[in-house]
Amino acid sequence: MFSFRAWQKEQNCRKIPWKYSLSRLHILHNYGLNGPAKSQCKEGETTTSSSKKCVAINSCGIQMLPRSIHRQIFEKENTNSVSKETLLKIEQHLSTHHLYGKSASILPDIDFKLPTLLGKNIAEHFEKIAEKQCGGYRDKLLDLTSHCIPDIPQVWNFTPGWTRYNQNGETSLVDFPEEDAYVFDVEVCVKEGHLPTLATAVSKNYWYSWCSNQLFTENKVQSSILKNMESIYELKDLINLESKKEQDRLHHKDQKERIVIGHNVSYDRSRIKEQYFIEGTKVRFLDTMALHIAISGITSFQRNMLLASKSGASVDRAQKNPQYWSGKSRKTEEILEWQNVSSFNGLNDVYKLYCGGLGLDKEKRNVFVTGSLTEIKDDFQQLVTYCARDCQATYRILCVLLPEYQKRFPHPVTLAGMLEMSTAYLPVNRNWQRYLHDSEDTYRDLENELTQSLKREADRATYMMTDKSYERDPWLWDLDWSTKPLKVKKKPTSKKKKCASVITSIGNGEPIDKINDEEEDSEILELKKLRCQFQELFDTKQQLFKRNSFLPGYPNWYTSLCDRLQDGLIGPSEVSTSAQVVPKLLKLTWDGYPLFYSRELGWGYLVPGRPLKLSQHHENVCETPFPLKDALARFPPRSADQSVLSQGIITAEEAMLMLNQMTDLTADPVDLAMQWQATRSRLNNNVDQTDLHSSADKSQKKHTYYLTSDRPAWHVGIGPYDVGVVGCWFFRLPHKSGIDNNVGNPLAKDYLNKIEDGTLKATSSSIAEHILKLNRNIIYWRNARDRIMSQMVVWLKQSQMSRNVTKSDHFDPLNMYGAILPQIVTSGTLTRRAVESTWLTASNAYKDRIGSELKAMVQCPPGFSFVGADVDSQELWIASIIGDSYFAGQHGATAFGWMTLQGKKSDGTDMHSRTAAAVEITRDQAKILNYGRIYGAGERFAKTLLMQFNHRLTEKEATEKARKMYSMTKGNSVFKLSHCGRQLASALGNSNELATPEQLNEMRKSARKDSSLKRLANLPTDELVERRMWDGGTESHMFNKLEEIAQSESPQTPVLHCRISRALEPRNVGNEFMTSRVNWVVQSSAVDYLHLMIVAMRYLVDVYKIEGRFSISIHDEVRYMIKEEDKFRAALALQVANLWTRCMFSYQMNLNDLPQAVAFFSSVDIDTVLRKETNMDCQTPSNPYGLKQGYGIDFGCSYDIYQILEKTGGSLDSVVKNCNKESGNKP
């Protein structure tokens, strides 16, 4: 066995040419990696002389699975013949996009024995293993919902621990609920921290209540956010569900399959004792909120419409955007039925949706949020009843949701995957507390330094008052430099005599020259002399009014930064980077031009050089004239290099995170404006809802009102506008949400990249440049600290840890070991992606961001390692296989599929490189555009991103580039003709079933000249056209299939047949929300992929007794915590799970084969910490020495499939079992 990387270096991946010549697998007879070879292969295979193995190449030139692997997964050889017409169609399509005949790289052979499938095929295999994993839990759920639960007890037992309530009114103390399935709810006294206070549970037979020891002891409340840094939570403080309260370990023989149901149950799970055991248990959690979102989830736009309707606002798309319906025949009103089949996600809203009625009384909830333990004890009976009613409501919701869930998500893998994801577990140690302290200390130090630096800049600017030099400053000229005078009383004449007498005498009236030096200390005497000398000045205090002007003599802009309670004595203490005056004090420039703030247009910059006769003075501009002469001297007209690629106002990583909320990004800006107007109207019900449309119009028109027809020849940007500054054009700063949005703060985190690439600069002094750097350092921790520091960490005693930990050579009894249970909603969006506010959105470590090493603080206990991998181009491959299957039934048949499987950066044939070259952006930026398009985003989204990536682009240039890119990729819009449309075309001698809008109009014109065709020509467009399609692009076939699925009566994923949310079904929304529906097909299929993979992994871990557990899945990466001795077997199991998953996708798409390039992970990471790459040292301002030097944590390792096979011998069996096999084979 050898390393793939070493093989690549030695062989340089010898490329072979290919062509279409066969109908099945392509034969390259006797063409080996090291030259011609003479061994023979079966039809459809080629041999390599280095390994004497046959390589399978399909009719599109794609290398497929080795036949030895293929035979173990697919029930028979791939005998699906491809017709000559299909081959010709493939050839023409790929030739059009200059991909036909491109050389292909041959990967080295892989051959090992896979675990035997449980069924006749891969689909049956997955059904059986998933049924094995979730069948018992599902049966328990069905049993619970088939029975009625008891009535809520009238009186609750106030005692620590668990109490059981019989239906006859008897109560008994129990160790924990001995039930197979029950509904569970926890309440927490927020003031006391994270620990549970009360809990209730209900099964088909009994009610249960639980009380915390907190209610029976005196505790002092800590109110500071820093309390979480010092809090020590232990298992004894939590709720026991599977063991006795004093029991430290849960033995395997005592474990029993149980299912716990709750609404947002991950919150309750984090308060359960046994869930913190390293080994894990057999208890699983089902979230009714996740079920509701999967069945009836809504988009962001729909959420805002519900908010509007809740307050009585009316939002009508045709009314707010008349152009939306231009050119369309609107036969009926917009369908809004979705509002009757969906709701918000809270328990009260979900209960009203499925169970009807007036909802739940949630008033008592406030006691837990704002009240104390004493208040909870005083109202104990009512509060436990409130908790029990939540359980009762959750049970009733479950009874409605469970049968609907089974109907809409019929495959057992979906339920099994959700149950497995509910067991997420993040181990930590003492380094977690060190991380919190280091990050907070560094933040405080740098924040203080930032504040002091800003104060110095403000103080320095005030000196410009002395010579009025601010009038010649292109930044400070329009600040409020007016001052408030010092109010003084009239000076009384009698004071002079008194002052004179005081000056000439002291003490008992003795003259100063008669003072005895021996009686008075010389220093005291000197002080007295000084006092006498300045007494007249001291006496002027009597002339001041008790209430005087605040900081008289200082400019008003300065006094607004000072604290009035401190009388301004400590200077501008209120100054921060969010203050509007700071960009001016720092003298920020954008592309070398001074920043300027317009009340109507937000932050932008001034470009001097505009002819004076074209300028007009506005009333709201400062009376002080703009220093045009000085500005022209500093910023003369110049030539600008428009071809320079800038970093953009968002990074590729940030843009990828934003793509998870595609609905927000792709909605029409008018829609978004209306959402905001409708949302705001909730806060002010007096607003006339008929004014919403005019308000949106005004927000759209205000930008065009200030636009000018003249522009500088040497500069392009968003504008230019006339804001009343004589001799200058005004250009707006780019906003990450599009050009129609104003920028409120150029020092916000969205502009960090522009500071790094020099577009945004501070020119006032070196201090100003330092301020920008400090702001960049603290901004991440400032935004994330509350979420990070509020994480609930539970620490384990040595007796509560696994023996694998305590017996490890690296175990340190003095260290602390614990865990965080991330509060994941397993189906948190309508695409069924998991949602969690901290861990699933955590960024990677950046050298200039405090605390960004967050993920690396999740560290395995001794004796364990993280084993995980990232799914390579997951969504791209899913979209491409949908297109390939639809177009020709061959992997790589479409240009999009071919580039995904075979494209390479080196020769520019991968899709990201092609897009980058076409629209002149970087490859990383092209990657964002490609993903956004595949998620359903339109040209508007592309135009917005292009202008963010290169702020020097004009709107017209960005529009042209977006149109060019979409024409090349998605293709051009055409109509698929209906039966009547085909009749019309056939009568005119046109046999094509596709027609462009122009061609359709021409056919109508021609037909109207013929009386026999006049009836057809006069039919409405809707009757001549079946649906819109795409043609001529690399991705046209893929989009045609995605839209066909999205427009079907009941859209469902092609692999596990999961149905779309009821709120997006055509029967409830008509033809609306197409972007979200297309996006759903791809992203929900990606969730199918994740569920398949973790179900397969769970099966392999159980069957081959690999000790470990699921840790977390973040978007397209998955991590397991595995016993050290089993880490390579787990790595192989992960590769097998990925292979099975990809094969399942292919099989369900009627493609009985799989390209070898995507069969296995490019690498599996084995590490002791959670980080994106195993060689990341995670250096940050709070961790300046990195993990290796600062924490003593070594780098991890990445292994490809060849190295893993070498480490394991290609077997998932343990070493002991393999040794027994070998000894058994000896004579």
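Right above here is the structure, for reference.
Report on the accompanying structure. (Residues numbered from 1 in each chain as written. Predicted model: local features only at pLDDT ≥ 70, side-chain atom pairs only at ≥ 80, totals over all residues. Heavy atoms only, no water.)

## Details of the packing of aromatic side chains
Stated formally: Aromatic pairing here means that ring centres of Phe, Tyr or Trp (its six-membered ring) are within 6.5 Å. Orientation follows from the plane angle: under 30 degrees is stacked, over 60 is edge-to-face, and everything else is tilted. Helix and strand definitions here come from DSSP, where helices need a minimum of 4 consecutive H or I residues and strands a minimum of 2 consecutive E residues; each element is numbered from the N-terminal end. Relative accessible area decides the class of each residue, using a 1.4 Å probe on protein chains only: under 20% of the type maximum gives buried, over 50% gives exposed, and in between gives partly exposed. We count a charge as sitting over a ring when the NZ of a lysine or the CZ of an arginine lies within 6 Å of the ring centre and within 35 degrees of the ring normal.
Evaluation of the coordinates by the stated rule reveals 37 aromatic pairs. Relative to Phe635, the ring of Trp475 has its centre 5.8 Å away and its plane inclined at 85°; by these criteria the two rings are edge-to-face. Here Trp475, found in the loop between α15 (431-462) and α16 (495-504), pairs with Phe635, found in the loop between α20 (628-634) and α21 (652-658); they are 160 residues apart in sequence, far enough to count as distant. On the accessibility criterion, Trp475 (0% relative accessible area) is buried. Taking relative accessible area as the criterion, Phe635 reaches 7% and is therefore assigned buried. Among the aromatic residues, those joined into a ring-pair cluster are Tyr470, Trp481, Tyr554, Trp557 and Tyr558. The positively charged end of Arg164 is found above the aromatic ring belonging to Tyr206, 4.6 Å away from the centroid. We note Arg1142 situated over the ring of Trp877; from NZ or CZ to the ring centre the distance is 4.6 Å.

## As for helix α35 (residues 997-1008)
In an α-helix, one full turn covers 3.6 residues, which means residues spaced three or four apart are oriented alike. So the rule is basically this: Given the number of residues in a helix, its expected span is that number minus one, multiplied by 1.5 Å. This arc describes the spread of directions from the helix axis toward the C-beta atoms. Any two residues whose heavy atoms approach within 4.5 Å are treated as being in contact.
The end-to-end C-alpha separation of α35 is 17 Å, in line with the 16 Å expected for 12 residues at 1.5 Å each. Regarding α35, the residues found buried are Leu1000, Met1003, Arg1004 and Ala1007. Viewed along the axis of α35, the buried residues span an arc of 100°, placing them on a single side of the element. Among the exposed residues of α35, those pointing more than 90 degrees away from its buried face are Glu998 and Lys1005. At its buried positions, α35 is contacted by β27 (972-977), α34 (979-987), β28 (994-995), α36 (1014-1017), α37 (1021-1024) and β29 (1025-1031).

## Regarding the sheet that holds strand β8 (residues 171-174)
Inclusion rule: Strands qualify as paired when DSSP identifies two bridges or more between them. Axis geometry follows a simple rule: fit a line to the C-alpha atoms, using only the stretch in contact for helices, then measure angles between N-to-C directions, giving values from 0 to 180 degrees.
Pairing in this open sheet of seven strands is mixed, and the strands run β8-β7-β11-β10-β9-β13-β14 from one edge to the other. Both edges of this open sheet fall to β8 and β14 (283-287), since each of them pairs with a single strand only. Across the sheet, the mean angle separating the axes of adjacent strands is 25° when strand polarity is ignored. The sheet contact formed by strand β10 (residues 196-202) and strand β11 (residues 207-211) spans five bridges and is antiparallel. Note that in β11 the partner of Val202 across the bridge is Trp207. Across the sheet, helix α7 (residues 288-296) is in contact with β13 (258-262) and β14; its angle to β14 comes to roughly 45°. Contacting β13 and β14, helix α14 (residues 412-421) crosses the sheet at an angle of about 110° to β14.

## Regarding unusual backbone geometry
Where the residue is not glycine, phi is negative for most of them; where a peptide bond is considered, it is trans in most cases. Across the junction of Gly719 and Pro720, the peptide omega takes the value 5°, indicating a cis bond. Positionally, Pro720 belongs in strand β21 (residues 718-721). A positive phi angle is found at Lys587, which is not glycine, with a value near 55°. Here Lys587 is to be found in the loop between α19 (582-585) and β18 (588-590). Located in the positive-phi region is Asp591, a residue other than glycine, with phi close to 55°. Its location among the elements puts Asp591 in the loop between β18 and β19 (593-598).

## Description of helix α13 (residues 380-408)
Heads up, the condition is: Bend angle per residue: angle between axes fitted to the 7 residues ending at that residue and the 7 residues starting there.
Look at α13: 41 Å from first C-alpha to last across 29 residues, which is about the 42 Å you get at 1.5 Å a residue. In the structure, α13 departs most strongly from a straight axis at Leu401, where the bend amounts to approximately 30° and where the proline Pro403 lies between one and four residues downstream.

## Side note on the nonpolar core
As a reminder of what qualifies: We call a set of buried Ala, Val, Leu, Ile, Met, Phe, Trp, Tyr and Cys residues a nonpolar core when their side-chain atoms join them within 4.5 Å.
Within the largest apolar cluster, 304 residues are counted, with the highest numbers of intra-cluster contacts made by Trp432, Trp557, Leu586, Leu1139 and Trp1140. At 16 residues, helix α40 (residues 1074-1103) tops the list of elements feeding residues into this core. What Trp432 contacts, discounting residues up to four positions off in sequence, is Ile788, Gln791, Val793, Ile820, Trp839, Leu854 and Met857. Core analysis: the second largest hydrophobic core is formed by 17 residues, Trp162, Val186, Val188 and Ala199 among them.

## Here we look at the pairing of strand β25 (residues 817-820)
Residues of β25 alternate between two faces, with Tyr817 and Ala819 on one and Gly818 and Ile820 on the opposite face, all of them buried. By the bridge criterion, four bridges tie strand β15 (residues 426-429) to β25 in an arrangement that is antiparallel. Looking at β25, one finds that Leu426 is bridged to Ile820. Where strand β24 (residues 793-796) lies against β25, four bridges are found, and the strand directions are antiparallel. Its bridge partner lying in β25, Leu796 is registered against Tyr817.

## Points about the pairing of β21
By the bridge criterion, two bridges tie β21 to strand β22 (residues 728-732) in an arrangement that is antiparallel. Considered in β22, the bridge of Tyr721 is made with Phe730. Where β21 hands over to β22, the hairpin turn is made up of six residues, of which Gly724 adopts a positive phi near 90°.

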